2 protein chains.
Amino acid sequence: MEKEEFRKYGYELIDWVADYLEEVEKYPVKSTVQPGEIKAKLPSSPPPHPEKMDMILEDFQKIILPGITHWQHPGWFAYFPSNSSPASILGELLSAGLGTQGMVWETSPSATELEEVVMDWLRQMIGLPEGYAGVIQDTASTATLCALLAAREKATGFKINEAGFEGVLRVYASREAHSSVDKGVKIAGFGKKNLVAIPVDEEFALIPGQLEKAIENDLKAGFRPACVVATVGTTSSGAVDPLKPIGEICQKFGLWLHVDAAYAGTAAILPEKHWALEGAEYADSLVFNPHKWMLTNFDCSAFFVKDPQVLTRTFEIHPEYLKTGVDAVVKNFRDWGIQLGRRFRALKLWFVLRSYGVEGIKKIIRRHIHLAELFHDELLQDKRFEILAPVYFSLVCFRLNDGRPEEELNHLNKQLLEAINSTGKIFLTHTTLNGKFTLRLVVGQRTTEERHVREALNIIKTRAEELLKKNI
Amino acid sequence: MEKEEFRKYGYELIDWVADYLEEVEKYPVKSTVQPGEIKAKLPSSPPPHPEKMDMILEDFQKIILPGITHWQHPGWFAYFPSNSSPASILGELLSAGLGTQGMVWETSPSATELEEVVMDWLRQMIGLPEGYAGVIQDTASTATLCALLAAREKATGFKINEAGFEGVLRVYASREAHSSVDKGVKIAGFGKKNLVAIPVDEEFALIPGQLEKAIENDLKAGFRPACVVATVGTTSSGAVDPLKPIGEICQKFGLWLHVDAAYAGTAAILPEKHWALEGAEYADSLVFNPHKWMLTNFDCSAFFVKDPQVLTRTFEIHPEYLKTGVDAVVKNFRDWGIQLGRRFRALKLWFVLRSYGVEGIKKIIRRHIHLAELFHDELLQDKRFEILAPVYFSLVCFRLNDGRPEEELNHLNKQLLEAINSTGKIFLTHTTLNGKFTLRLVVGQRTTEERHVREALNIIKTRAEELLKKNI
């Protein structure tokens, strides 16, 4: 592609993205295509000869776009958000244009040093004490795996890295912890049965006393406790494990404390929500995702560690072909995680933090939380609905409850969810809380306003009414 | 940022990238900043209030750009390339604009199905048999780790995932294998000492007979052999492990064969280089990187498996909040690797494959290989230089050798490398081969032409001459 052609299609795509961000509301938020439908429209073999960009872009519109579920839609209330912003998109474009790969300091000093700086900005924003060092990971799943591995190595004096697994090492997390903890203990070789599920209280938060008991039992049984994963903002209900008492237990028994604040960590930039990270100074590591709720397009996961040497000792490799003359005095982020190669993700984060400023980001987070509270309050007015968990941040868990038996209620609410999503106007997902099929509504898209939340309320109530009439 | 502002800065950045790709040659290929220099120019705290994009872009030019090492520079001969293309950049822009996250089919059917399709195109291009299923990973490090984990679970009937490590499992790779294999065996809990380094022949390729002997010895010792990693295109010298005899051994002993073709896999799209993947049909998994040598900007690593069920059984998680109504009939790529969240990387790959066409890509790969051969032939004319490994692809390993003792030669060549890179015109890196400090020159940037290779030859010879005069 010649320069002028790149410029032409570049402008065209910028225009398209500009329009898309403004008009995304016109699409059904959740794609309505059937499994296999997109695949059937694509050639089964690669084109032998160059094709015109016009044709490719036309196919994008005709074939690909109908199969997109629109995460940036203001009616996105599903899962957790993965919000983005114009500034972030521009940063990603520039990063792709540079095509820089920051595996070691020397392969782009700016990539490493800007990452150090913006990660320290984030540290200050969420109120982690000085001394914690940050690194960008792709996802919280990866960050949590890194924490589990560092904990594993610290607990065994770096012996598993060297000689392989020996003995039984135990990991503790509440039964509401994210599935990435299950995945991580499997990958790191602990084994799923050595992930001890600690009971939760009525607000779905880990009970510290139960944690302590579990650790003591394990010690008696001859197991070696290695790591506790505490969650700030669980996926199912937004519950907050109390970090301070958990941290004290970790300290007492010499265990690694990893804090998974993937979703709710962002809220801690608000003084009124900082309580959620109270006790975070006990953490050996902590992760939160600017790509979830801080306007930075996926992927960008912020991982902090108290003692970077444990992390780098866990991951370091020293092949001759990667050695540089400055290794002794710089950070080589290849040793801070699993991957060797690294995109220049700090750039988009820098664009976001500067173009919004801390106050600008706070304003948006506050709006989301306010809208979730509004949804909660309005829904409570309708006695047919029931709130199933406290609303600390921007997630509301609820269900329709007309008093029928639990099993029938689960069926009813599943139908309700399908009916809601079939409108194409909003997209919600579900979980189970104490066995109850639970609808989750999370406010978090950059452009979600009060009218979208009111529309959601309206759709939910109308569909519920229709269902109740039909089902009798 | 308002729509018109996004459009304005979007155009500006498209222009900047267009110019950059054309003029990147004017920058020193390797950044000349000192450690800490970039950091010192950046504020230590985040800005409280929004800043103008003009200011941010000005700082990008003034502060960030001098700290960039220019991977897309035509004088980039270091490491392996991580080349890119205008089409790929446009694809990345569109993907960032959509802000789609394809963790499960339902969160964007197009993301999953386009990935299936383009990965099958790649499968055909490199000549892997039908039946192999592909998934995009971020890096070959991650792909190799996934392979090691699947091998681990297959060898133990998925018991380590469940109950944790027990017994000694062994992994085999040549001593020239990539450091990601070392890293992977540590992460997966095998332990580094259970990675058996198999000797190589005089061309740095794994010796199958030695592999067989090592496996037999381990069996006698009561160890459980689990996985062999064969490399097609080693990092140090581009060596090719012979897949067919290795595959036969793996079959005989029931071991997982993972093929790391991260760099050289791309070359297999050329009929004249397909020999390198001969025997790949024995592979249980194979990885190669379109983000290295196939014009697709980092990250995009193509990972293929023969039996996807082993992979998904290794990684699957089933929390309620991720269940969808179509799970039984679609691919949910979250279960094909470590991360839950997934960027829409298939889009840029689709842009690249269509806008170049298979023939267009072949032409570029052939040019790179031809230029490496040219460099090799010309350098050989100069009797002061020595070629240290066969040139199969686009990597040439060489050193200056005036007959002085080995240790002094190492020192001399280290000085030579520094002198070459200090010109800012070209960037080479090094390795050691049989203890010899070796300079590596890899041709692989999209815009590298004969004149750049001739300039490299000229710089290398001139600097060598200067050094030899000085050192006597």
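Here the structure is a predicted model, which is why all the values come from computation and not from measurement.

> Please explain the overall build of chain A as it appears in this structure.
In terms of helices and strands, chain A carries 15 helices and 11 strands. Since a compact globule built from 472 residues should have a radius of gyration of about 23 Å, the 24 Å found for chain A is in line with a globular shape. Taken over the C-alpha atoms alone, chain A extends approximately 65 × 60 × 45 Å along its principal axes. Residue burial in chain A is summarised as follows: out of 472 residues, 59% are buried.

> Looking at this structure, how should I read the sheet that holds strand 11 (residues 436-442) of chain B?
Sheet strands associate in pairs through backbone hydrogen bonding, adopting either a parallel or an antiparallel arrangement. Residue and element names in this part refer to chain B. Spatially, four strands are ordered 8-9-11-10 in an open sheet, and the strand pairing comes out antiparallel. Only two strands of the sheet have a single neighbouring strand rather than two, namely strand 8 (385-387) and strand 10 (429-433). Put simply, the sheet's adjacent strands are angled 40° from each other on average, direction ignored. Taken strand by strand, helix 13 (residues 346-381) contacts strand 8, strand 9 (395-400) and strand 11, and its axis lies near 20° from that of strand 9. Packed on one face of the sheet, helix 14 (residues 406-421) meets strand 9, strand 10 and strand 11 and runs near 30° to strand 11.

> Can you walk me through the packing of helix 4 (residues 86-98) of chain A against helix 1 (residues 3-23) of chain B in this structure?
When two helices pack together, their arrangement is given by the angle between their axes and by how far apart the axes lie. As a packed pair, helix 4 of chain A and helix 1 of chain B sit with axes 10 Å apart at the nearest point and diverge in direction by 5°. Judged by the inter-axis angle, helix 4 of chain A sits roughly parallel to helix 1 of chain B. Residues Pro86, Leu90, Leu93, Leu94 and Gly97 of chain A of helix 4 of chain A touch helix 1 of chain B, and the partners they reach there are Phe6, Tyr9, Gly10, Leu13, Val17 and Tyr20 of chain B.

> What is the right way to look at the interface of chain B and chain A in this model?
In many reports, interface size means the accessible area that the parts give up when they come together. Of the residues lining the interface, 121 residues belong to chain B; the matching set on chain A comes to 121 residues. The element that contributes the greatest number of residues to the side of chain B that touches chain A is helix 1 of chain B, accounting for 13 residues. Per-class residue counts for the side of chain B that touches chain A are 60 nonpolar, 39 polar and 22 charged.

> I'm lost on the pairing of strand 7 (residues 301-305) of chain B in this one. Help?
Two faces belong to every sheet, and in a regular strand the side chains alternate between them. Residues and elements named next belong to chain B. Across the five residues that make up strand 7, a large majority, five, are buried. Across the two faces of strand 7 the burial is the same, with Ser301, Phe303 and Val305 and Ala302 and Phe304 all buried. The sheet contact formed by strand 1 (residues 133-137) and strand 7 spans five bridges and is antiparallel. The residue bridging Ala133 from the neighbouring strand is Val305, located in strand 7. In terms of strand pairing, strand 6 (residues 285-288) meets strand 7 through four bridges, oriented antiparallel. Looking at strand 7, one finds that Leu286 is bridged to Phe304.

> Would you explain the relation of the copies chain B and chain A in this entry?
Note on the chain copies: they are related by a rotation about an axis and a translation along it. With an RMSD of 0.0 Å, the operation that places chain B on chain A is a rotation of 180° combined with a shift of 0.0 Å along the axis. Each copy turns onto its partner about a two-fold axis. When the interface residues of chain B are mapped onto chain A, 100% of them are again interface residues, pointing to one common binding face.

> Explain helix 9 (residues 208-220) of chain A to me, please; I cannot follow it from the model alone.
Count 3.6 residues to each turn of an α-helix, and residues three or four apart come out pointing the same way. Residue and element names in this part refer to chain A. Given a rise of 1.5 Å per residue, 13 residues ought to cover 18 Å, and the 19 Å separating the end C-alpha atoms of helix 9 matches this to within 8%. All of the buried residues in helix 9 are Pro208, Leu211 and Ile215. Each buried residue of helix 9 lies within a common arc of 55° when the element is viewed along its axis, so the set occupies one face. For helix 9, the exposed residues set more than 90 degrees away from the buried face come down to Gly209, Glu216 and Lys220. Residues of helix 9 that are buried make contact with strand 2 (169-174), strand 3 (195-198), strand 4 (224-231) and helix 10 (243-253).

> Teacher, can you tell me more about the domain arrangement of chain A here?
Residues and elements named next belong to chain A. Domains assigned within chain A are domain 1 (91-352) and domain 2 (366-448 + 461-471). Spacing between the C-alpha centres of domain 1 and domain 2 amounts to 32 Å. The partner domain 2 presents 12 residues to the 14 residues of domain 1 that form the contact. Residues that form the side of domain 1 that touches domain 2 fall into these classes: nine nonpolar, four polar and one charged.

> Where do I start with the sheet that holds strand 9 (residues 395-400) of chain A in this structure?
All names here are of chain A. Across the sheet, four strands lie side by side as 8-9-11-10; this open sheet has antiparallel pairing. A strand with exactly one partner marks an edge of an open sheet, and here the two such strands are strand 8 (385-387) and strand 10 (429-433). Averaged over all pairs of adjacent strands, the angle between their axes in this sheet comes to 40°, without regard to strand direction. Relative to the sheet, helix 13 (residues 346-381) contacts strand 8, strand 9 and strand 11 (436-442), its axis offset from that of strand 9 by approximately 20°. Against the sheet, helix 14 (residues 406-421) contacts strand 9, strand 10 and strand 11, and its axis sits at roughly 30° relative to strand 11.

> Quick question: what am I supposed to make of the environment of Glu5 of chain A here?
Residues and elements named next belong to chain A. Along the chain, Glu5 turns up in helix 1 (residues 3-23). Overall, the presence of 15 C-beta atoms within 10 Å leaves Glu5 in the partly exposed class. When the C-alpha atoms of Glu5 and Gly403 are compared, they prove to be 64 Å apart, with 398 residues separating the residues in sequence.

Cut-off values and rules
- Residues numbered from 1 in each chain as written.
- Chains lettered and ligands numbered in written order.
- Predicted model: local features only at pLDDT ≥ 70, side-chain atom pairs only at ≥ 80, totals over all residues.
- Helix = DSSP H or I, 4+ residues; strand = E, 2+ residues; numbered from the N terminus.
- Rg over C-alpha atoms; globule rule 2.2 N^0.38 Å.
- Buried ≥ 20, exposed ≤ 12 C-beta atoms within 10 Å, placed from the backbone.
- Pairing = 2+ DSSP bridges.
- Axes fitted to C-alpha atoms, helices over the stretch in contact; angles between N-to-C directions.
- Contact = placed C-beta atoms within 7 Å.
- Parallel < 35°, antiparallel > 145°, perpendicular 65-115°, else oblique.
- Nonpolar A, V, L, I, M, F, W, Y, C, P; charged D, E, K, R; others polar.
- Least-squares fit on C-alpha atoms with pLDDT ≥ 70 in both.
- Expected span 1.5 Å × (residues − 1).
- Arc of directions from axis to C-beta.
- Domains from an automatic or database assignment.

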